[in-house]
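Residue-level structure breakdown
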Amino acid sequence: MGGRFLSIGECMVELSQADDGHLRKGFAGDTFNTAWYARACLPADWSIDYFTALGDDAMSDEMVAFMGGAGIGTESIRRLRGKTPGLYMINLKDGERSFSYWRDSSAARQLAADGDALRTAIEASDVLYFSGITLAILSREDAFTLLAELRRAKAAGKLVAFDPNLRPRLWSSLDAMHTMIAEGGRAATLVMPSFDDEAAHFGDDSISATIRRYRQYGAAMVVVKNGPDGATIGDGTDETLVPAIKVVRVIDTTSAGDSFNGAFLAHYLQHKDAVAAAGFAAKIAAKVIQEYGALVAPEKLKSVK
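All values reported here derive from a predicted model rather than from experimental measurement.

1. Focus on the overall build of the chain
- Along the chain, the regular secondary structure elements total 10 helices and 15 strands.
- Its C-alpha atoms give the chain a radius of gyration of 18 Å, within 12% of the compact-globule value 19 Å for 305 residues.
- Referenced to the eigenvectors of the C-alpha coordinate spread, the extents of the chain come out at roughly 50 × 45 × 45 Å.
- The burial tally for the chain puts 55% of its 305 residues in the buried class.
- Considering only intrachain contacts with a sequence separation of at least 6, the fraction spanning at least 24 residues in the chain is 68%.

In structure tokens:
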């Protein structure tokens, strides 16, 4: 029996390196990437929708058409007059990526400005997904509007999943980031952090410390991603390490975490087995990092079981 999955955040114009050294245009962003992989891994009786704000320009039109062509619902996307999407470029060296961004006036910064539209989209959904980047691009007032609606959804028994996706340069200060990430954790039932980020920016000295902190915020389950060292699941009673899949040649890690999140959620929503979901997600992520760009074609993932 399916349901409705809503991912909330910013999709941007992506410029990535192609095999011939040229730049290739695409569309991506952490929460959209996760929606893409959830769509690739969930059966047709699940709908995947994206909530954001875009402009009224040709690039926004193209982005909406791209989403729709991928089977991702766009009915809840707000279109703002005179606005445009943000843009980023991936810089690759030995498979590791860095980014250059042009997003200060992105339409997505106003995605939560219409509280009624936000509530309508969330109330119509069974599963909600958002990230620390979603919170970081919003004004403080709009971020708290979003968090209030997510807390309502959590209280109503809906699954609210959160990837802290820590990006200090998007925040006015480290204190602001710490405060809002903690609020994101309190609004979530499932938190999916990356340990290297948590260690660097929260000072966690172990994966157990990361799990404990997000559990204290109120998350029922924490799935800590740790790159080639696998993922650890903590639910308050036990911690289980699920190994990563070894990859001989890493091409692009841009969407390693996002693809893991989407695949984990897709499997977990169907089978309610977090360990099996993490194993499946590790296989999907291993496939994804052997390709260029954030979004790998779903047909390339169909062989993963």
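Moving on from the coordinates now.
2. Quick look at the pattern of salt bridges
- Enumeration according to the criterion identifies 15 salt bridges in this entry.
- The closest approach of N and O atoms between arginine 151 and glutamate 183, which form a salt bridge, is 3.9 Å. Highlighted residues: arginine 151 in helix H5 (residues 140–155) and glutamate 183 in helix H6 (residues 174–187), separated in sequence by 32 residues.
- One network of salt bridges, in which partners are shared, links Arg119, Glu123, Glu149 and Arg152.

3. So, unusual backbone geometry
- Look at asparagine 165: it is not a glycine, yet its phi comes out positive at around 35 degrees.
- Take asparagine 165: it is sitting in the loop between strand E11 (159–163) and H6.
- With phi around 60 degrees, lysine 272 is a residue other than glycine that occupies positive phi space.

4. So, the nonpolar core
- One finds Phe5, Leu190, Phe260, Phe264 and Leu265 to be the most contacted residues of the largest nonpolar core, which totals 57 residues.
- Residue contributions to this core peak at 8 residues, all from helix H10 (residues 274–288).
- Not counting residues up to four positions away in its chain, the partners in contact with phenylalanine 264 are Leu190, Met192, Met221, Val223, Ala274, Ala277, Ala278 and Ala281.
- Counting 44 residues, the second-largest nonpolar core is a separate cluster that includes Leu80, Ala121, Ile122 and Ala153.

5. So, the pairing of strand E14 (residues 231–234)
- By the alternation rule, side chains of E14 split into Ala231 and Ile233 and Thr232 and Gly234, which are all buried.
- The pairing of strand E13 (residues 221–225) with E14 spans 4 bridges and is classified as antiparallel. Within the sheet, the bridge partner assigned to valine 224 lies in E14 and is threonine 232.
- Following E13, the chain reverses through 5 residues before pairing antiparallel with E14; glycine 227 in that reversal takes a positive phi of roughly 55 degrees.
- Note: E14 against strand E15 (residues 239–242), 4 bridges, orientation antiparallel. Among the inter-strand pairings, isoleucine 233 is bridged to a residue of E15, identified as threonine 240.
- Here E14 folds back onto E15, and the loop between the two strands holds 4 residues, one of which, glycine 236, carries a positive phi near 95 degrees.

6. Examining the sheet that holds strand E8 (residues 87–93)
- Read from one edge to the other, the open sheet built from 4 strands follows the order E3-E2-E8-E9, with strand pairing classed as mixed. The sheet terminates laterally at strand E3 (23–28) and strand E9 (96–102), the two strands that pair on one side only. On average, each strand axis in the sheet is tilted by 30 degrees relative to the strand beside it, whichever way the strands run.
- Note: strand E2 (residues 12–17) against E8, 3 bridges, orientation parallel. Paired with glutamate 14 across the bridge in E8 is tyrosine 88.
- Across the sheet, helix H2 (residues 58–69) touches E2 and E3, and the angle it forms with E3 is around 70 degrees.

7. Remarks on the packing of aromatic side chains
- Applying the stated criterion to the full structure yields 11 aromatic pairs.
- Ring pairs connect the aromatic residues Phe27, Phe32, Trp36, Tyr50 and Phe66, which therefore count as one cluster.
- Of note, arginine 213 hangs over the ring of phenylalanine 202, and the distance from its end group to the ring centre comes to 3.9 Å.
- Here the guanidinium or amino end of arginine 213 rests over the ring plane of tyrosine 214, the centre of that ring lying 4.5 Å away.

Rules used in this analysis
- Residues numbered from 1 in each chain as written.
- Predicted model: local features only at pLDDT ≥ 70, side-chain atom pairs only at ≥ 80, totals over all residues.
- Heavy atoms only, no water.
- Helix = DSSP H or I, 4+ residues; strand = E, 2+ residues; numbered from the N terminus.
- Rg over C-alpha atoms; globule rule 2.2 N^0.38 Å.
- Buried < 20%, exposed > 50% of the residue type's maximum accessible area, 1.4 Å probe, protein only.
- Contact = heavy atoms within 4.5 Å.
- Salt bridge = Lys/Arg side-chain N within 4 Å of Asp/Glu carboxyl O.
- Core = buried A, V, L, I, M, F, W, Y, C linked by side-chain atoms within 4.5 Å.
- Pairing = 2+ DSSP bridges.
- Axes fitted to C-alpha atoms, helices over the stretch in contact; angles between N-to-C directions.
- Phe/Tyr/Trp six-rings, centres within 6.5 Å; stacked < 30°, edge-to-face > 60°.
- Lys NZ or Arg CZ within 6 Å of the ring centre and 35° of its normal.

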